[in-house]
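Notes for the structure review
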Amino acid sequence: MNSRKAEIEHEKHVIGVAKLIDELGKVMLDAGHPPRKIALQAQVTCNQYGVTLEEAAKADRDALRAALEQALYGADVLCTLYNLAPAGSYEAAFNFGDITYSYEEDKAAWRSYVAQGWVPRWLYFVKFEGMSEEEAKALCAEAENSQREKAELFGAE
């Protein structure tokens, strides 16, 4: 019984840390910090409170699932009350994918998408370098012009 109580206390602690990370992330994002800095701060916060990032991500996922289940239940009740759909049971299925997230793996994958030409280069800079879309597009345009000038310069020889 004591072990179960410790598990419950740990779960409450994890949920509290997950909420703290969420709020911290929102504040940092609003302040214009790049995603890599926010991810690093999340890891530091988890370490300070003795929680793994995976535990915090799972707590967020579980809270999202509970909220979605409540919303679906509310929609079902309204549809039944207003005869929009026949009364009956439903089953919600959730697939949140892998709850472990590696910022560096994601960044490397996106770098490869850019190299393969699957996504525009500027999108990578927006997603991982904290640039605005305008800044990233301007940087990419400048780099392309520079490459073109080099090609013309060395191609003329």
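Above this note sits the structure.
Described in the following lines is the structure provided in the data block. (Residues numbered from 1 in each chain as written. Predicted model: local features only at pLDDT ≥ 70, side-chain atom pairs only at ≥ 80, totals over all residues. Heavy atoms only, no water.)

What to know about the packing of aromatic side chains
By convention here, two paired aromatic rings are described through the distance between centres and the angle between planes. Inspection of the entire model under this criterion finds 5 aromatic pairs. Each member of the aromatic cluster is reached from another via a ring pair, and the members are Trp110, Tyr113, Trp118, Tyr124, Phe125 and Phe128. Over the ring of tryptophan 122 we find lysine 137, and its NZ or CZ is 4.6 Å from the ring centre. (Phe/Tyr/Trp six-rings, centres within 6.5 Å; stacked < 30°, edge-to-face > 60°. Lys NZ or Arg CZ within 6 Å of the ring centre and 35° of its normal.)

Brief notes about the environment of isoleucine 21
With respect to the helices and strands, isoleucine 21 occurs in helix α1 (residues 2-30). Measuring from C-alpha to C-alpha, the distance between isoleucine 21 and serine 132 comes to 23 Å, with 111 residues separating the pair along the chain. Once you skip the residues sitting within four places of it in the chain, isoleucine 21 turns out to touch Ala42, Thr45, Cys46 and Ala56. (Helix = DSSP H or I, 4+ residues; strand = E, 2+ residues; numbered from the N terminus. Contact = heavy atoms within 4.5 Å.)

As for α1
The end-to-end C-alpha distance of α1 is 42 Å, a good match for the 42 Å that 29 residues give at a rise of 1.5 Å each. Those residues of α1 that fall on the buried side of the exposure criterion are Val14, Val17, Ala18, Ile21, Gly25 and Met28. As for α1, its buried residues are in contact with α2 (35-49) and α3 (53-81). Downstream of α1 by a residue or two, glycine 32 has a phi angle that is positive, lying close to 90 degrees. (Expected span 1.5 Å × (residues − 1). Buried < 20%, exposed > 50% of the residue type's maximum accessible area, 1.4 Å probe, protein only.)

Topic: the pattern of salt bridges
In the structure shown here, the tally under the stated rule is 8 salt bridges. The partner of lysine 12 in a salt bridge is glutamate 9, and the shortest N-O contact between them spans 3.9 Å. Taken together, the residues lysine 12 and glutamate 9, both in helix α1 and 3 residues apart, mark about one turn of the helix. On the basis of relative accessible area, lysine 12 is assigned to the exposed category, the value being 53%. (Salt bridge = Lys/Arg side-chain N within 4 Å of Asp/Glu carboxyl O.)

Section: the packing of helix α4 (residues 103-116) against helix α5 (residues 121-129)
Relative placement of two packed helices is described by the angle separating their axes and the distance separating the axes. The N-to-C vectors of α4 and α5 enclose an angle of 170 degrees; their axes lie 9 Å apart at closest approach. What the angle tells us is that α4 and α5 run roughly antiparallel. The handedness of the crossing between α4 and α5 is left-handed. Where α4 abuts α5, its residues Tyr103, Asp106, Lys107, Trp110, Arg111 and Val114 lie against Arg121, Leu123, Tyr124, Lys127, Phe128 and Glu129. Considering only residue class, the contact of α4 with α5 consists of 6 nonpolar, no polar and 6 charged. (Axes fitted to C-alpha atoms, helices over the stretch in contact; angles between N-to-C directions. Parallel < 35°, antiparallel > 145°, perpendicular 65-115°, else oblique. Left-handed = near helix turned anticlockwise from the far one by under 90°. Nonpolar A, V, L, I, M, F, W, Y, C, P; charged D, E, K, R; others polar.)

A word on unusual backbone geometry
For asparagine 83, which is not glycine, the phi dihedral falls at a positive 55 degrees. Looking at the element boundaries, asparagine 83 is found in the loop between α3 and α4. Classification of asparagine 83 by relative accessible area gives exposed; the value is 68%.

Quick word on the packing of α1 against α2
The interhelical angle for the contact between α1 and α2, taken along N-to-C directions, is 150 degrees, at an axis separation of 10 Å. If you check the angle between α1 and α2, you find them roughly antiparallel. Note that α1 runs across α2; the crossing there is right-handed. Across the interface between the two elements, His13, Val17, Leu20, Ile21, Leu24, Gly25, Met28 and Leu29 of α1 pack against Lys37, Ile38, Gln41, Ala42, Thr45, Cys46 and Tyr49 of α2. Of the residues belonging to the contact of α1 with α2, the class tally is 10 nonpolar, 4 polar and 1 charged.

Such coordinate-based values are descriptive only and should not be taken to indicate function.
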